[in-house]
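Tertiary structure, described
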Amino acid sequence: MAGSAHSSSVLIIGGGLVAHAIAWRLARAGSEVTLLADGCAAASAASAGMLAPSFEAAHDRAAPNLKASLDDSLQQWDEFARGLEADSGMAIDYRRNGIVGLGETAAIGVRDPISVPAGVIASSAWLVPEEGQVDPRRALEALRRATAAQGVKTIVGHATRLREQSGRVIGVETDDGSSVRSDRVVLAAGMGSNRLLTDGPPLVPVRGRAFLVRCSQSPFVHVVRSGTVYFCPKADGTLYVGATEEGGDSFLSGLRLLVATVRRKAMP
Ligand SMILES: Cc1cc2nc3c(=O)[nH]c(=O)nc-3n(C[C@H](O)[C@H](O)[C@H](O)COP(=O)(O)OP(=O)(O)OC[C@H]3O[C@@H](n4cnc5c(N)ncnc54)[C@H](O)[C@@H]3O)c2cc1C
């Protein structure tokens, strides 16, 4: 598209779950939508996919009113997942079968004590029955299919600058000298949004590390998480294991715990 100019009724910048979800819903509601995405790896493709308001709201950097907004978002997932699976023709491994919190997570005030899952060392375990998970890699692929089916046009390109006129955004410029004109621009570029907004709220990147283990039989039925480590059994037979944040002892001790647990489970 070098040097060319496009125009669109709604322009969405970004290529992850958020940009695709907005594009899909707007197109389904009748808008003419263009997605501008640079094709780079999205956090969405690396995510564990936990839908866990109780745990996220207990984070020490969480905003005080975060829980209400996350709960509201979780309530919308049933209908969102149903519609997406229907429109894309593929399953996204969405389940609300509960999340097990171990020992220290009792501090988040969850209810329903349960027995500690076999093979796990923890003083206690708790079930948050209404929370769950989705497979974000499947959800992203489903959204790509669903947006394509709804006629969303995708342009591959990296937005470098928002174009403004009289204080209003009227489009974007891209790194190959092209431009896309639109008076309705949605910025959903994850951490990349920071570079396009000079006066927006500061986004702080947090790196999480994780790995996928292929299991003949998953050792867990639910998502199981402590304060530092989480296990997410996926429908494709993989177990997603991760630690919530990089750095310090919490990550290393978390890794040791999860490796020991997987070994015990795999080789009792
Ligand atoms: C290891 C890990 C585990 C996680 N686990 C969970 C979890 O269990 N539950 C949960 O809720 N969240 C989790 N998250 C967070 C979650 O993945 C993100 O909040 C979510 O995926 C963000 O989606 P997004 O669409 O906003 O951004 P992204 O998925 O990052 O997508 C942004 C896209 O926009 C593109 N882009 C950026 N700048 C530009 C530009 N200028 N022009 C064009 N395109 C651009 C990028 O290349 C990228 O493709 C996890 C994240 C990580 C890294």
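Residues numbered from 1 in each chain as written. Predicted model: local features only at pLDDT ≥ 70, side-chain atom pairs only at ≥ 80, totals over all residues. Heavy atoms only, no water.

A word on the sheet that holds strand 15 (residues 223–225)
Hydrogen bonds between backbone atoms are what pair the strands of a sheet, whose relative direction is either parallel or antiparallel. Ordered by their spatial adjacency, seven strands build an open sheet running 6-7-5-15-16-17-14, and the pairing between neighbours is mixed. Two strands close off the open sheet at either side, each with one partner strand: strand 6 (113–114) and strand 14 (209–214). As paired strands, strand 16 (residues 229–233) and strand 17 (residues 238–243) are joined by five bridges and run antiparallel to one another. Bridging from a neighbouring strand, Cys 232 pairs with Tyr 240 of strand 17. (Pairing = 2+ DSSP bridges. Helix = DSSP H or I, 4+ residues; strand = E, 2+ residues; numbered from the N terminus.)

Describing the pattern of salt bridges
Applying the stated rule across the entire model yields ten salt bridges. When the shortest N-O distance is used, the salt bridge between Glu 79 and Arg 25 registers 3.3 Å. Taken as a pair, Glu 79 in helix 5 (residues 77–88) and Arg 25 in helix 1 (residues 17–28) lie far apart in primary sequence, 54 residues in all. Look at the salt bridges and you will find they share partners, linking Asp 135, Arg 137 and Arg 138 into a network. (Salt bridge = Lys/Arg side-chain N within 4 Å of Asp/Glu carboxyl O.)

Re unusual backbone geometry
Within the chain, Asp 93 stands out as a residue other than glycine whose phi angle is a positive 55°. Looking at the secondary structure, you find Asp 93 in the loop between helix 5 and strand 5 (99–102). Unlike most non-glycine residues, Ser 166 shows phi in positive territory, near 50°. Structurally, Ser 166 is set in the loop between strand 10 (159–165) and strand 11 (168–174).

Comments concerning the confidence of the model for the protein
In the predicted model, the protein carries a mean pLDDT of 86, and the fraction of residues at 70 or more is 86%. Within the protein, the element-level pLDDT minimum falls on helix 8 (residues 248–266), averaging 55, and the maximum on helix 5, averaging 98. (pLDDT = per-residue confidence, 0-100.)

Comments concerning the nonpolar core
Trp 77, Phe 80, Leu 84, Ile 92, Tyr 94 and Val 134 are the most contacted members of the largest nonpolar core, which has 16 residues in total. Elements with a minimum of two residues in this core: helix 1, helix 5 and helix 6 (136–149). With residues near it in sequence (within four places) discarded, Phe 80 still touches Ala 21, Trp 24, Arg 25 and Leu 143. The next biggest cluster of nonpolar side chains, apart from the first, holds twelve residues, and it includes Val 120, Ala 125, Cys 215 and Val 241. (Core = buried A, V, L, I, M, F, W, Y, C linked by side-chain atoms within 4.5 Å. Buried < 20%, exposed > 50% of the residue type's maximum accessible area, 1.4 Å probe, protein only. Contact = heavy atoms within 4.5 Å.)

Section: helix 6
The end-to-end C-alpha separation of helix 6 is 19 Å, in line with the 20 Å expected for 14 residues at 1.5 Å each. Of the residues making up helix 6, those classed as buried are Pro 136, Ala 139, Leu 140, Ala 142, Leu 143, Ala 146 and Thr 147. Taken end-on, helix 6 shows its buried residues confined to a sector of 165°, consistent with a single buried face. Away from its buried face by more than 90 degrees, helix 6 exposes Ala 148 and Ala 149. On its buried side, helix 6 packs onto helix 1, helix 2 (43–46) and helix 5. Where helix 6 begins, the capping side chain belongs to Asp 135, and its oxygen is found 3.0 Å from the backbone nitrogen of Arg 137. Where helix 6 ends, the next residue or the one after it, Gly 151, has phi of about 85°, a positive value. (Expected span 1.5 Å × (residues − 1). Arc of directions from axis to C-beta. Polar contact = N/O pair within 3.5 Å; in protein donor to acceptor, adjacent residues only side chain to side chain.)

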